[in-house]
Amino acid sequence: MKATSATPSTSAPVAHNALPPPSATSNARSSRIAPHSHIKGLGLTSDGLAAPDGAGFIGQTNAREACGVVVDLVKSRKFSGRALLLVGAPGTGKTALALAVSHELGTKVPFCPMVGSEVYSTEVKKTEVLAESFRRAIGLRIKETKEVYEGEVTELTPAESENPLSGYGKTVSHVIVGLKTVKGTKQLRLDPTIYEAILKEKIVVGDVIYVEANTGAVKRVGRSDAYASSYDLESETYVPLPKGDVHKRKELVQDVTLGDLDAANARPQGGQDIMSVMGSLVKSGRTEVTDKLRREVNKVVKGYVDQGVAEVVPGVVFIDEVHMLDIECFTYLNALLESPMAPTVILATNRGNALVRGTTDIVSPHGVPVDLLDRCLIVKTDGYNREQIGKVVQLRANVEGLKLGSGVLERIAEEGERGSMRYALQLLTPASILAGLSGRSQIEVEDIGEMNELFLDAKTSATNIGADGGFDGGKMW
């Protein structure tokens, strides 16, 4: 089939195996556009009502307002240990709603997405995969007030002395470091072990650093902005000169997850010899964490929380295609929801009445056991009409930088209503390639017509299957 326009074009014909003509924006940096790149949030007003077209969302007003209530509950930490179940037909925006919830919560709240089939791993148990996801969705914000020396390095002079253990060579006895702030300067005499940390951090004169007074740990913050140059591209990070005195008390905030703590404690620390290095190479990539280790981590975290040093930040676990879990996973999921440290759980499924996986006689709504359904707030997503499909297509075309000719939007919306919205959205990029091969900068109606000749939507493909399961009465191969 020819990949050219059905109508004559004023531009020169382009061969099928030729590259599309270069566009005016070919030199601009292009970023990967994901299926939900246009979703920026739930698009709610200040009083919690869904705007008709807000934050990339079209329609789904009831579902968006319900998710807005859940976001408020998560932020107020009154939804931990509960579950939200998103149900609806394929292509109605369940995954988009979960991503919008993550946008509304912000980057400080952990969001851990997974698919139900991820639990079937050959390396670790099914329950271990679920437990690991739950632990990665629970954040720990550690706040420490430390006594530090902070400033821009003005002097870095190691002092050498004769090595007492050998008559040959010299050793570093101490190091003189000069630090400068807006308020003044200070010269420090530091231990040679701190000098090793300075060399490891690759610190030079002009860097802004801080040294912890209690532990001697050295951290490079960045390069002083006094050394900033006028390069167009530069990998260096410039920071302003620190304010206050060189010697000060500073509050440091670090965000980690319980999954990070579990992994750090479960991974054995080997030596630097060749056998330890070779052993670490042949070991499995994933390490299963025991319940005993998790209890020990929880005990340490509880101690930090009681001292006021740390704060637990419950996040969100999103399990898409939850009907792919089996009865063992659902039972374990109930136990995880009842645990003291449980995040918010968002589930999504497109099944109606379905057999619960792992059983032979239990049919349940959405393929989820009834005891877990009782714990869920259920939100239904609605289908899209032709007008809403047209708005979504126009939004995606704007995100992808595509131009639509006269009548194209109505034609694609018609295809989306006949087939599905996903099929309508998938026509955009191939149609733009055909338009480019024909020497046009915008998609025309004939490009969409040729797309329908080249590709089939799911409903059309289903009608081509014969009664015996083959294509047009034939046998499948």
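In this text, all values refer to a predicted model and were calculated from it rather than measured experimentally. Numbering of residues starts from 1 in every chain and runs along the sequence as written. Reporting in this predicted model follows two pLDDT cut-offs: at least 70 for local features of residues, and 80 or more for side-chain atom pairs to be given and counted; totals over whole chains, interfaces and linings ignore these cut-offs and use all residues. Only heavy atoms go into the side-chain values, all of them from the structure, while hydrogens and water stay out.

1. Comments concerning the nonpolar core
Here is step 1 of the chain: In this structure, Ile319, Val322, Leu325, Leu347 and Leu372 are the most contacted members of the largest nonpolar core, which totals 27 residues.
Here is step 2 of the chain: By definition, any uninterrupted DSSP run of H or I lasting at least four residues is a helix, any uninterrupted run of E lasting at least two residues is a strand, and each is numbered from the N terminus. If you list the elements that add at least two residues to this core, you get strand 3 (83–87), strand 4 (111–115), helix 3 (126–136), strand 13 (316–320), helix 8 (327–338), strand 14 (344–349) and helix 9 (370–373).
Here is step 3 of the chain: Considering each element in turn, this core owes the most residues, five residues, to helix 8.
Here is step 4 of the chain: The criterion used for residue contact is that any of the two residues' heavy atoms lie within 4.5 Å. Apart from the residues lying within four places of it in its own chain, the contact partners of valine 322 are Leu85, Phe330, Leu347, Ala348, Thr349 and Val368.
Here is step 5 of the chain: What we call a nonpolar core is a set of buried Ala, Val, Leu, Ile, Met, Phe, Trp, Tyr and Cys residues that are connected through their side-chain atoms within 4.5 Å. Working definition: with a 1.4 Å probe on protein chains only, accessible area under 20% of the residue-type maximum means buried, over 50% means exposed, and in between means partly exposed. In this structure, Cys67, Leu84, Val109 and Val316 belong to the second largest nonpolar core, which totals 24 residues.

2. Thoughts on the packing of helix 10 (residues 386–400) against helix 11 (residues 408–418)
Here is step 1 of the chain: Each axis is a line fitted through C-alpha atoms, and for a helix only the stretch in contact is used; angles between axes span 0 to 180 degrees, taken between their N-to-C directions. Remark: helix 10 packs on helix 11, axes separated minimally by 8 Å, with the N-to-C direction vectors making an angle of 120 degrees. The orientation of helix 10 relative to helix 11 falls into the category oblique. The element helix 10 and its partner helix 11 pack so that their crossing is right-handed. Taken together, the residues of helix 11 that come into contact with helix 10 (itself represented by Arg386, Ile389, Gly390, Val393 and Gln394) are Leu409, Ile412, Ala413, Glu414, Gly416 and Glu417.
Here is step 2 of the chain: When residue character is reported, Ala, Val, Leu, Ile, Met, Phe, Trp, Tyr, Cys and Pro are called nonpolar, Asp, Glu, Lys and Arg charged, and the others, Gly included, polar. Of the residues contributing to the contact of helix 10 with helix 11, the split by class is five nonpolar, three polar and three charged. Note that the term roughly parallel is reserved for angles under 35 degrees, roughly antiparallel for angles over 145, roughly perpendicular for angles of 65 to 115, and oblique for everything else. Left-handed describes a crossing whose near helix is turned anticlockwise from the far helix by less than a right angle; the clockwise case is right-handed.

3. Quick word on helix 4 (residues 192–200)
Here is step 1 of the chain: Buried within helix 4 are the following residues: Ile194, Tyr195 and Ile198. Axial view of helix 4: buried residues confined to an arc of 105 degrees, hence all on one face. Structural note: helix 4 exposes Glu196, Leu199 and Lys200 on the side pointing more than 90 degrees away from its buried face.
Here is step 2 of the chain: Along its buried surface, helix 4 packs onto strand 5 (138–162), strand 6 (170–180), strand 7 (185–190) and strand 9 (218–224).
Here is step 3 of the chain: Following helix 4 by one or two positions, lysine 202 adopts a phi angle in the positive range, close to 60 degrees. The directions considered for the arc run from the helix axis to the C-beta atoms.

4. A look at the pairing of strand 6
In summary, the side chains of a regular strand alternate between the two faces of the sheet.
Here is step 1 of the chain: At least two DSSP bridges between two strands are needed for those strands to be called paired. Note: strand 5 against strand 6, ten bridges, orientation antiparallel. Within the sheet, the bridge partner assigned to serine 161 lies in strand 6 and is threonine 171.
Here is step 2 of the chain: Sheet topology note: the strand 6/strand 7 ladder contains six bridges and is antiparallel. Residue pairing for strand 7: leucine 179 is matched across the bridge by lysine 186.
Here is step 3 of the chain: Here strand 6 folds back onto strand 7, and the loop between the two strands holds four residues.

5. Section: the side chain of aspartate 326
Here is step 1 of the chain: Along the polypeptide, aspartate 326 turns up in the loop between strand 13 and helix 8.
Here is step 2 of the chain: Among the residues examined, aspartate 326 registers a relative accessible area of 7% and is labelled buried.
Here is step 3 of the chain: In this structure aspartate 326 touches Tyr120, Lys126, Arg357 and Gly358, once residues within four positions along its chain are discounted.

6. Considering the sheet that holds strand 13
Here is step 1 of the chain: Spatial strand order, 4-13-14-3-17: five strands in an open sheet with parallel pairing. The strands lining the two open edges of the sheet, one partner per strand, are strand 4 and strand 17 (376–380). The sheet shows a mean angle of 20 degrees between the axes of neighbouring strands, direction not considered.
Here is step 2 of the chain: Relative to the sheet, helix 3 contacts strand 4, strand 13 and strand 14, its axis offset from that of strand 4 by approximately 155 degrees.

7. Overview of the pattern of salt bridges
Here is step 1 of the chain: The salt bridge definition used is simple: a Lys or Arg side-chain nitrogen within 4 Å of an Asp or Glu carboxyl oxygen. Scanning all chains against the criterion turns up 25 salt bridges.
Here is step 2 of the chain: Linking aspartate 262 and arginine 294 is a salt bridge whose minimum nitrogen-to-oxygen distance equals 3.5 Å. Placement of aspartate 262 in helix 5 (residues 258–266) and of arginine 294 in helix 7 (residues 291–307) is noted, with a sequence separation of 32 residues between them.
Here is step 3 of the chain: For aspartate 262, a relative accessible area of 2% translates into the label buried.
Here is step 4 of the chain: Between lysine 391 and glutamate 387 there is a salt bridge, and its shortest N-O distance comes to 3.7 Å. You can see lysine 391 and its partner glutamate 387 sitting in helix 10, four residues apart, about one turn around the helix.
Here is step 5 of the chain: The structure contains a network of salt bridges with shared partners spanning Glu128, Arg135, Asp262, Asp291 and Arg294.

8. Here's the deal with helix 14 (residues 445–454)
Here is step 1 of the chain: When we look at burial in helix 14, the residues that qualify are Asp447, Ile448, Gly449, Glu450, Met451 and Asn452.
Here is step 2 of the chain: Its buried side turned inward, helix 14 meets helix 11, helix 12 (421–426) and helix 13 (428–437).

9. A look at the packing of aromatic side chains
Here is step 1 of the chain: The pairing test for Phe, Tyr and Trp rings, Trp by its six-membered ring, is centres within 6.5 Å, and the orientation test on the planes gives stacked under 30 degrees, edge-to-face over 60, and tilted for anything in between. Using the criterion set out here, one finds zero aromatic pairs in the structure.
Here is step 2 of the chain: Above the face of the tyrosine 227 ring, arginine 223 is positioned so that its terminal group lies 4.4 Å from the ring centre. Sitting over a ring, as applied to charges here, requires NZ of Lys or CZ of Arg to be within 6 Å of the ring centre and within 35 degrees of the ring normal.

10. Some words on unusual backbone geometry
Here is step 1 of the chain: A positive phi angle, near 55 degrees, is found at glutamine 60, a position not held by glycine.
Here is step 2 of the chain: With respect to the helices, strands and loops of the structure, glutamine 60 is situated in the loop between strand 2 (57–58) and helix 1 (61–75).
Here is step 3 of the chain: The class for glutamine 60 is buried, based on a relative accessible area of 6%.
Here is step 4 of the chain: Residues other than glycine seldom take positive phi values, yet glutamate 321 does so here, at roughly 50 degrees.

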